[in-house]
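# A closer look at the structure
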Amino acid sequence: MSTPDGFRLAVSAVDESGTLTRVSESGAIIVEQDSSIAVSGTGFRPGSEAVAWLFSTPRRLGVVAVGPDGTFSARLPVGDSPIGGHTAQVNGYAATGALRSLNLAVEILAPAAVDPVSRAAPIAAPGARVVPVQVSVYNPNDDPATTTTLTVTLASFLALAGATGLAGARVAASGRSSGRGKVANIATKKLRAGANSDERWGDLSRTWRSATTRWTDAISRQLPLALGRWSTVLPRLAVDGSWARAILGARGYALWVGGVVCGAVASATRASDVPIPTWGWLLAVVVLGLLDGAAGAVAWIVFVVQAFVANDVYGWYDVRLLLGLGVLWCSLPLLAHVIRPLRRSTGGGFADVFERCCDYVMPPVFVAFAAGSMAKALNGLSGLTLVSPEAVVQLRWVVVFVLPLRLALEDLATHGYPARFAAVQPTKLVSPSRPRAAIGVATSAAVFLFVAEPFFGMGVGTIAAAALLAVPSVMKLWEDSYPKSATLDRWLPRGLFRFFLLLVLGAYMSSRLIGPDGGDEQVRRTLVVMLVPSTIVGVIELFGRSGRIWPDGAVKRIGGAVVWATAIGIVTGALTLFG
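Note that this is a predicted model, so its numbers are computed, not measured. (Residues numbered from 1 in each chain as written. Predicted model: local features only at pLDDT ≥ 70, side-chain atom pairs only at ≥ 80, totals over all residues. Heavy atoms only, no water.)

## Structural notes on the overall build of the protein chain
In terms of regular secondary structure, the protein chain is built from 19 helices and eight strands. Residue pairs at least 24 apart in sequence account for 77% of intrachain contacts in the protein chain once pairs closer than 6 positions are excluded. Approximately 25,000 Å² of the protein chain is accessible, and the part contributed by carbon and sulfur atoms is 64%. (Helix = DSSP H or I, 4+ residues; strand = E, 2+ residues; numbered from the N terminus. Contact = heavy atoms within 4.5 Å. Areas by Shrake-Rupley, 256 points an atom, 1.4 Å probe, with all protein chains shown as cover.)

What follows is the structure, given as structure tokens:
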């Protein structure tokens, strides 16, 4: 196969001795089990990698290294692939960055069923039949609408999370939470309401008593502090399941054990050598991660280790896919923490009850659609259509049902086990030193570039976008030296309202700059512009401090309900503000 722009590909089937085999009447290459498919050609990007697959159940035949001159050649064993019709697919990048893909029909027969022919025999016929496949190559450049939606949602959630991506809340001088501020207090602010020395019925019960609880309580208090010297996110994962350890004591770590089991089984039961679990096990780990983010992280670590041990990580696409799985399995409860408190102590008045009802309604919906976006992004990260629209809907419903359960468990621990909460978590988290925090910022920017490359390419615009997103985090390293304004803190949009404004602004900008029929080039050119508003908000936030909270009245509650309903309409696609 050849194209006018210099792309050439030859595919053949050979036995163990290298002898070519026949082509069927329909144009399919005939190959027997345990023999090989040979590929060679030119036109791929020099120094890149081309990946060969066998479908319908995806089986990676191998990765072909492209030489400095763009040529490649390799022999790829088909192993014990099932007998019958298949599709061989070779995917790689052209010098322009565009994805190249060739599908070719393959018929696999039992050993000794193939008649050898001479080496000079013809190989694949032009216009060979393509066998229908369940999973095919996915090129984000061919789906700019999805890429644009992911960009808008990402920018909005980053602004909601704050300048650090998962910025914390602090207690203002007045003793009331301002909802923004020093990252060291994101977890303790959420826990402080329940972490006191007043014993209640749960603290006096036997649900948490065991011979090892005192030892595990010490681990629960010290581990977040040790991790906090190196990271801002890991300590929050470590304290995320405090509710379970408050109620169950040492048995609360059963969620972490469940993470080990789920990660191991998810890896062992994969339907192909693509490093992604079957959908049922993927959802199982999502549920586990919603209950305890650290348990999801443990499952991910086990899954990644087994993928590398089994030599199923072939190239950068696989590494990106594993990173995407990690975000999906670990970050959902942290995102929910940022949207609304997962735990709070209420005085029983109408305002407190109303706020808690909002906690049960708002985070599940927004986190569900964020999870859907993360799942859809797995297609672009892997280069395969691994997640269908139906699967995304199923994932969203799982989040909608499980997250309220997590909230109920948090309320049980907060109101029934307040003294236990004090025993299983530190009173205050620590932040990493400035040099270590700077390394973290640089690492985050590098990861952004790595995962953005399939969607936007590695051009000046993508590098500028990474730098733009890093600006608030870099400035935050010197946060204490900036002047603070209580007025700015009071009037700067926060929480749901901030997310809503950024969502509306992103939708407007995408409609005007890209339009409904915009292509890949428009998306690439506007990436930096789309991220500017969230960066500005993150920078301005650094100069706000200790502003008074608006009184909780009917106007605020009604306005909040309108904003929430409108934001839900935009996120779900039920409401289109701009044509």
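Next comes the rest of the account.
## A word on a nonpolar patch on the surface
Together, Val257, Val260 and Val261 make up an exposed nonpolar region whose accessible area comes to about 240 Å². Among the secondary structure elements, Val257 is positioned in helix α6 (residues 254–268). (Patch = residues over 30% accessible without salt bridge, like charges linked within 9 Å, V, L, I, M, F, W, Y side chains within 5 Å. Salt bridge = Lys/Arg side-chain N within 4 Å of Asp/Glu carboxyl O.)

## Focus: the pattern of salt bridges
Scanning the model with the defined rule gives seven salt bridges in all. Here Glu410 ties to Arg343 by a salt bridge, and the two come within 2.4 Å at their closest N and O atoms. With Glu410 in helix α12 (residues 389–416) and Arg343 in the loop between α10 (332–339) and α11 (350–382), this pair connects stretches of sequence that are 67 residues apart. Arg343 gets classed as buried once you look at its relative accessible area, which sits at 4%. A salt bridge links Arg406 to Glu410; the shortest N-O distance between them is 2.7 Å. With Arg406 and Glu410 both in helix α12 and four residues apart, the pair spans about one turn of that helix. For the pair Arg406 and Glu410, a shared accessibility class is recorded, and that class is buried. (Buried < 20%, exposed > 50% of the residue type's maximum accessible area, 1.4 Å probe, protein only.)

## What to know about the state of the cysteines
Covalent bonding between the sulfur atoms of two cysteines defines a disulfide. Tallying each qualifying case throughout the model produces zero disulfides. Just so you know, Cys358 is unpaired, no disulfide at all, and the nearest cysteine sulfur is the one on Cys357, 7.1 Å from it. Taking the relative accessible area as the measure of exposure, Cys358 reaches 12% and is therefore buried. (Disulfide = S-S within 2.5 Å.)

## Concerning α10
The α-helix advances 3.6 residues per turn, and as a result positions three or four apart in sequence lie on the same side. Of all eight residues making up α10, eight are buried, and the element is well covered by its neighbours. Of the positions making up α10, those classed as buried are Leu332, Pro333, Leu334, Leu335, Ala336, His337, Val338 and Ile339.

## Regarding the side chain of Asp318
Following the sequence through the fold, Asp318 ends up in helix α9 (residues 316–330). You can call Asp318 buried: its relative accessible area is 4%.

## Digging into the packing of aromatic side chains
Considering all chains together, one arrives at six aromatic pairs under this definition. Relative to Trp256, the ring of Tyr253 has its centre 5.0 Å away and its plane inclined at 90°; by these criteria the two rings are edge-to-face. Accessibility assignment for this pair places Tyr253 and Trp256 in one class, buried. Looking at Arg245, its charged tip hangs above the ring of Tyr253, at a distance of 4.9 Å from the centre. Its end group placed over the ring of Trp230, Arg436 keeps NZ or CZ at 3.6 Å from the ring centre. (Phe/Tyr/Trp six-rings, centres within 6.5 Å; stacked < 30°, edge-to-face > 60°. Lys NZ or Arg CZ within 6 Å of the ring centre and 35° of its normal.)

## Section: helix α15 (residues 460–476)
Over its 17 residues, α15 runs 25 Å from end to end, which matches the ideal 24 Å to within 8%, given 1.5 Å per residue. Of all the bends found along α15, the most pronounced is centred on Ala470 and spans about 35°, while Pro472, a proline, follows it within four residues. Among the residues of α15, Thr462, Ala465, Ala466, Leu468, Ala470, Pro472, Ser473 and Lys476 are the ones counted as buried. (Expected span 1.5 Å × (residues − 1). Bend = angle between axes of the 7 residues up to and from the residue.)

## Some remarks on the packing of α11 against α12
Interaxial distance between α11 and α12 falls to 8 Å at its minimum, and their mutual angle equals 145°. For the element pair α11 and α12, the recorded crossing hand is right-handed. Along its contact with α11, which presents Arg356, Asp359, Tyr360, Pro363, Pro364, Val367, Ala368, Phe369, Ala371, Gly372, Ala375 and Lys376, the element α12 presents Val392, Leu395, Arg396, Val399, Val400, Leu403, Pro404, Leu407, Ala408, Glu410 and Asp411. Residues belonging to the contact of α11 with α12 are distributed by class as follows: 16 nonpolar, one polar and six charged. (Axes fitted to C-alpha atoms, helices over the stretch in contact; angles between N-to-C directions. Left-handed = near helix turned anticlockwise from the far one by under 90°. Nonpolar A, V, L, I, M, F, W, Y, C, P; charged D, E, K, R; others polar.)

## Thoughts on the nonpolar core
In terms of nonpolar packing, the biggest core is built from 92 residues, with Val286, Leu328, Trp329, Leu332 and Val399 touching the most fellow members. Sort the elements by how many residues they give to this core and α11 lands first, with 14 residues. Setting aside residues up to four positions removed in sequence, Val286 forms contacts with Leu328, Trp329, Leu332, Leu395 and Val399. With 23 residues, the next largest nonpolar core counts Leu61, Leu76, Leu102 and Val106 among its residues. (Core = buried A, V, L, I, M, F, W, Y, C linked by side-chain atoms within 4.5 Å.)

## A look at the confidence of the model for the protein chain
On average, residues of the protein chain score 77 in pLDDT, and 78% of them are at 70 or above. With pLDDT under 50 throughout, residues 113–134 is counted as low confidence; its partners more than four residues away or in other chains account for 44 contacts. Taken as a whole, residues 163–196 scores under 50 in pLDDT and shows 100 contacts with residues more than four places along the chain or in a different chain. (pLDDT = per-residue confidence, 0-100.)

## Concerning the sheet that holds strand β8 (residues 99–109)
The five strands lie next to each other as β2-β8-β7-β4-β5, forming an open sheet whose pairing is mixed. This sheet does not close on itself; its edge strands, each paired only once, are β2 (29–32) and β5 (59–65). Averaged over all pairs of adjacent strands, the angle between strand axes in this sheet comes to 30°, irrespective of strand direction. Looking at chain direction, strand β7 (residues 84–93) and β8 are connected through ten bridges and run antiparallel. Paired with Gly85 across the two strands is Glu107, which belongs to β8. (Pairing = 2+ DSSP bridges.)

## With respect to the pairing of β7
With eight of ten residues buried, β7 lies mostly within the body of the structure. Examined bridge by bridge, strand β4 (residues 49–55) and β7 share five bridges and lie antiparallel to one another. Across the sheet, Phe55 pairs through a bridge with Thr87, a residue of β7.

## Looking at the side chain of Ser267
Along the polypeptide, Ser267 turns up in helix α6. Judged by relative accessible area, Ser267 falls into the buried class, the value being 8%. If near-sequence neighbours (up to four positions away) are discounted, Ser267 is found in contact with Phe303, Gln306 and Ala307.

## So, the environment of Asp203
Its location among the elements puts Asp203 in the loop between α2 (186–192) and α3 (213–228). In the structure, Asp203 is positioned 44 residues away from Ile247 in sequence and 8.3 Å away in space, judged by C-alpha atoms. Contacts of Asp203, omitting those with residues within four sequence positions, involve Asp198, Trp208, Arg209, Gly416, Tyr417, Pro418, Ala419 and Arg420. Polar contacts involving the side chain of Asp203 include one to the main-chain amide nitrogen of Ala419, which spans 3.2 Å. (Polar contact = N/O pair within 3.5 Å; in protein donor to acceptor, adjacent residues only side chain to side chain.)

## What about the packing of helix α14 (residues 434–456) against α15?
Two elements in contact, α14 and α15, have axes whose closest approach is 9 Å; the angle formed by their N-to-C orientations is 150°. The angle between the axes of α14 and α15 places the two elements in the roughly antiparallel class. Classified by chirality, the crossing of α15 by α14 is right-handed. For the pair α14 and α15, contact is made by Val441, Ala445, Phe448, Leu449, Ala452 and Phe456 and by Thr462, Ile463, Ala465, Ala466, Leu469, Ala470, Ser473 and Val474, respectively. Here the residues of the contact of α14 with α15 sort into twelve nonpolar, two polar and no charged. (Parallel < 35°, antiparallel > 145°, perpendicular 65-115°, else oblique.)

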